[in-house]
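Next come the chains, spelled out residue by residue.
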Amino acid sequence: MADIKWSKWYPLTEECRAEDVPDAPGIFEIRTDYEFGRLVGTSRVVYIGSAANGKKPSLRVSLVKQRIGDPDRYLSRSEMALRYDDANKLEFRFATAIDGKTAKEMKIQWLNEYETHHWELPPGNSLLPQSQVM
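For clarity, every value in this text was computed on a predicted model and none was experimentally measured. (Residues numbered from 1 in each chain as written. Predicted model: local features only at pLDDT ≥ 70, side-chain atom pairs only at ≥ 80, totals over all residues. Heavy atoms only, no water.)

A. Structural context of the side chain of Ser7. Along the chain, the position of Ser7 falls in the segment before strand E1 (10-11). Given a relative accessible area of 18%, Ser7 falls into the buried group. (Helix = DSSP H or I, 4+ residues; strand = E, 2+ residues; numbered from the N terminus. Buried < 20%, exposed > 50% of the residue type's maximum accessible area, 1.4 Å probe, protein only.)

B. Representation of helix H4 (residues 100-118) within the structure. Taking 1.5 Å as the rise per residue, H4 with 19 residues should run 27 Å; its terminal C-alpha atoms sit 27 Å apart, in good agreement. Residues of H4 that are buried include every one of Gly100, Ala103, Met106, Lys107, Ile108, Trp110, Leu111, Tyr114 and His118, and no others. Where H4 is buried, its residues contact strand E2 (26-37), strand E3 (42-51) and strand E4 (90-96). A side-chain oxygen of the first residue of H4 lies 3.3 Å from the backbone nitrogen of Lys101; this N-cap is Asp99. Of the residues flanking the end of H4, it is Trp119, one or two places downstream, whose phi is positive at about 65 degrees. (Expected span 1.5 Å × (residues − 1). Contact = heavy atoms within 4.5 Å. Polar contact = N/O pair within 3.5 Å; in protein donor to acceptor, adjacent residues only side chain to side chain.)

C. Representation of the packing of aromatic side chains. The tally for this structure, following the rule as stated, stands at 5 aromatic pairs. Ring centres 5.3 Å apart and planes at 55 degrees place the aromatic pair Trp6 and Trp110 in the tilted group. One end of the pair, Trp6, is in the segment before E1; the other, Trp110, is in helix H4, with 104 residues separating them in the sequence. Ring geometry for Tyr34 versus Phe36: centroids 6.4 Å apart, planes at 70 degrees, classification edge-to-face. For Phe36, a relative accessible area of 16% puts it in the buried group. Of the aromatic side chains, those joined through ring pairs into one cluster are Tyr10, Phe92 and Phe94. Sitting over the ring of Trp9, Arg31 keeps its end group 3.7 Å from the ring centre. Directly above the aromatic system of Trp6 lies the positively charged group of Arg93, at a separation of 4.1 Å from the ring centroid. (Phe/Tyr/Trp six-rings, centres within 6.5 Å; stacked < 30°, edge-to-face > 60°. Lys NZ or Arg CZ within 6 Å of the ring centre and 35° of its normal.)

Here is the structure:
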């Protein structure tokens, strides 16, 4: 997926500044600071998500206000386990989209690429979005 322009990596901590994350639709990846085994190969990615729903989808809301500001409500089990283990550090990167529909399509494509490469989804993603289940 060469056309995705990813941001740099930011720490998934309270120190992340809201102004560093755009108030726009898009996709994001959350990774840990070490490689872990997959069915095929290794990865650091624990979750692939999107800011694609609602009247005004926002990466800032999805990442800063929800995942950082209210982690007990918004993080997956695997992200929670890693976040509260002091030995692990989580970080995220994002890519903006022109609208929510495009962000959903980007997420589906990125999840499909991950699954094709590793033969499974990241641990925080339990299912492919419904439109891609065959």
